[in-house]
Amino acid sequence: SVSNTFRELADSFDIKYDRFIRTTDADHKVAVEALWKRLEDAGQIYLGSYEGWYCVRDECYYTEGELVDGKAPTGAEVEWRAKEPSYFFKLSDWGDKLIELYEKEDILGPKSRKNEVLSFLKMEELRDLSISRTSFKWGLQVPGDPDHVVYVWVDALTNYLTAIGFPNGNWEATWGGATHVVGKDILRFHAIYWPAMLMAAGLPVPKKIYAHGWWTKDGQKISKSLGNVVIPSELIDDYGLDATRYFLLSEVPFGGDGDFSRTAMLAACNGFLANAVGNLCQRCCSMIGKNLKGSTPALSDLTADDTALLDSAHALADAMRPHMDALAFNKALGEVEAVVRDANRYFDNQEPWKLKKSDPDRMSVVLAVAQETLRCIAISYQPFMPGAAAKMLDLLGVAEGDRDLAALRRDGVAAGT
């Protein structure tokens with residue numbers, strides 16, 4: 001089934017989720033009915049009739065003025081739908097309140113999408129939203145009216161509440177940190193329809209709503225007709241899971257469109273991960289194994305160069321945090337990359353292979369600094385490359401309980417272990 005395809009995709013990419021939700025789940029019906037009742041009790045729903053240009057792919061009606069060359073703004077085909085009875089949500093009541101919300105609170109991201117939504121709200125008069133259908137029977141029945149089914153966006157968007165137990169239990173504690181990450185083509189539904197419904201129902205809006213861009217391939221739009229579809233499973237087969245995850249998260253500035261090419265993929269895998277990260281880890285651990293019998297050297301008698309590198313490594317959590325909060329994963333990875341490059345320069349400049357004969361004590365310190373820096377690098381890489389990071393941490397002798405960001409401090413692996 002389609003549902004299983006997406007579950008298998010998430011599992012193959014080692015993506016952890018608390019729940020994979022479907023709108024056919026029994027508790028989802030409870031959540032939708034609860035939201036509908038809140039809107040109804042607030043006087044935000046009324047019965048009318050609807051007609052207009054409908055886009056099957058977008059599951060959305062468009063006005064004549066929104067059409068571009070006779071098609072939806074997304075480029076999809078539209079068709080005229082004759083009048084049918086429909087319940088409506090009073091979306092028109094919420095335009096000014098949405099403008100006030102987004103001008104006052106830092107909810108929408110990135111900035112270009114926020115500006116896009118605000119521009120739409122200020123230039124377009126919001127029309128009341130059709131939220132039920134009588135022309136088909138699949139879906140959830142409207143509470144109290146079996147002739148109508150709840151239309152897709154009220155049904156689908158309520159999933160966010162269903163997943164945390166709404167309307168029962170302590171769902172509000174979790175909802176306080178809710179972050180929605182959506183494709184830019186469905187931003188309107190998440191940034192206009194959804195917050196308006198929540199406010200109308202007396203519920204808090206999400207903490208953050210982020211819209212990501214699209215991928216192209218070798219500068220062209222990805223489509224079946226062009227035959228340039230990228231199969232995720234093939235990337236894992238060709239490059240490995242961790243390298244694929246790293247590339248997809250590091251290549252594109254958040255919110256923008258990204259271009260996929262195998263040339264860029266190879267550069268990320270071989271040019272950086274293998275040469276800069278893997279090679280440094282191999283050189284450091286090999287020298288510790290051969291010259292120090294595999295025992296972790298002590299961090300003592302540190303020079304200014306030693307301290308500078310260690311300070312950068314220990315500060316990685318603080319450096320990455322604002323980027324992670326903004327979902328700017330490429331920038332967070334950029335902070336780690338900077339430390340990786342500094343560590344390689346440090347190792348090459350210190351030349352511990354020469355110090356083996358001329359100053360073995362200094363060699364031990366250099367290897368200790370390199371090992372500690374690699375520990376910090378591996379811990380920082382865990383959200384992005386969990387498999388590769390775990391192998392590095394195992395190799396470096398880092399205990400399972402000392403692998404969170406709080407462990408990025410000077411007392412790393414104890415000397416002599």
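Anything mentioned here points back to the structure above.
Predicted model, so just to flag it, every value in this text is computed and none were measured.

Draft legend 1. The arrangement of the overall build of the protein chain in detail. Counting its regular elements, the protein chain contains 17 helices and 13 strands. Scored against the burial criterion, the 417 residues of the protein chain give a buried share of 45%. Considering only residue pairs separated by 6 or more positions, the protein chain has 70% of its internal contacts joining residues 24 or more positions apart. Accessible surface, the protein chain: about 20900 Å² in total, of which carbon and sulfur atoms supply 52%. When the 46 positive and 60 negative side-chain charges of the protein chain are each reduced to one mean point, those points stand 3 Å apart.

Draft legend 2. Spotlight on the layout of surface pockets. Approximately 470 Å³ is the volume attributed to the second largest pocket. Going through the elements one at a time, α4 (111-123) and α8 (187-200) are the ones with two or more residues in the lining of the second largest pocket. Residues of the lining of the second largest pocket, tallied by class, amount to 9 nonpolar, 1 polar and 6 charged.

Draft legend 3. Just the packing of aromatic side chains, in detail. Taken as a whole, this structure holds 15 aromatic pairs when the rule is applied. Measuring from ring centre to ring centre gives 5.8 Å for tryptophan 36 and tyrosine 87, while their planes differ by 80 degrees; the resulting arrangement is edge-to-face. In this pair, tryptophan 36 is assigned in helix α2 (residues 26-41) and tyrosine 87 in strand β3 (residues 79-89), connecting sequence segments 51 residues apart. Pair check on accessibility: tryptophan 36 and tyrosine 87 agree, each one buried.

Draft legend 4. Highlighting the pattern of salt bridges. Inspection of the entire model under this criterion finds 21 salt bridges. Aspartate 257 is paired through a salt bridge with lysine 184; the nearest N and O atoms lie 3.1 Å apart. You can see aspartate 257 sitting in the loop between α10 (241-250) and β13 (258-260) and its partner lysine 184 sitting in the loop between β9 (179-183) and α8, a full 73 residues away along the chain. Between arginine 283 and aspartate 348 there is a salt bridge; the shortest N-O distance is 3.0 Å. With arginine 283 in helix α11 (residues 262-291) and aspartate 348 in helix α14 (residues 329-350), the pair connects residues that are 65 residues apart, well separated along the chain. Here aspartate 348 falls in the partly exposed class, since its relative accessible area comes to 37%.

Draft legend 5. Geometry of α14. For α14, which comprises 22 residues, the first-to-last C-alpha distance of 32 Å matches the rise-based estimate of 32 Å (1.5 Å per residue) to within 8%. Among the residues of α14, Asn330, Ala332, Leu333, Val336, Val339, Val340, Ala343, Asn344, Tyr346, Phe347 and Gln350 are the ones counted as buried. On its buried face, α14 sits against α10, α11, α12 (304-314), α13 (316-325), α15 (352-358) and α16 (360-381). Once α14 ends, the next one or two residues include glutamate 351, with phi positive near 50 degrees.

Draft legend 6. Geometry of the sheet that holds strand β8 (residues 145-150). If you trace the 3 strands from one edge of the open sheet to the other, you get β6-β8-β7, paired in antiparallel fashion. This sheet does not close on itself; its edge strands, each paired only once, are β6 (132-133) and β7 (141-142). Strand direction decides the pairing type here: β7 and β8, joined by 2 bridges, are antiparallel. Note on β8: the bridge partner recorded for valine 142 is aspartate 145.

Conventions used here
- Residues numbered from 1 in each chain as written.
- Predicted model: local features only at pLDDT ≥ 70, side-chain atom pairs only at ≥ 80, totals over all residues.
- Heavy atoms only, no water.
- Helix = DSSP H or I, 4+ residues; strand = E, 2+ residues; numbered from the N terminus.
- Buried < 20%, exposed > 50% of the residue type's maximum accessible area, 1.4 Å probe, protein only.
- Contact = heavy atoms within 4.5 Å.
- Areas by Shrake-Rupley, 256 points an atom, 1.4 Å probe, with all protein chains shown as cover.
- Lys, Arg positive; Asp, Glu negative; His and termini not counted.
- Charge placed at Lys NZ, Arg CZ, Asp CG, Glu CD.
- 1 Å grid on protein atoms, 1.4 Å probe; cavity = no way out; pocket = protein on both sides within 12 Å on 5 of 7 lines; lining within 4 Å.
- Points joined across faces, edges and corners; volume = space filled by probe spheres on them.
- Nonpolar A, V, L, I, M, F, W, Y, C, P; charged D, E, K, R; others polar.
- Phe/Tyr/Trp six-rings, centres within 6.5 Å; stacked < 30°, edge-to-face > 60°.
- Salt bridge = Lys/Arg side-chain N within 4 Å of Asp/Glu carboxyl O.
- Expected span 1.5 Å × (residues − 1).
- Pairing = 2+ DSSP bridges.

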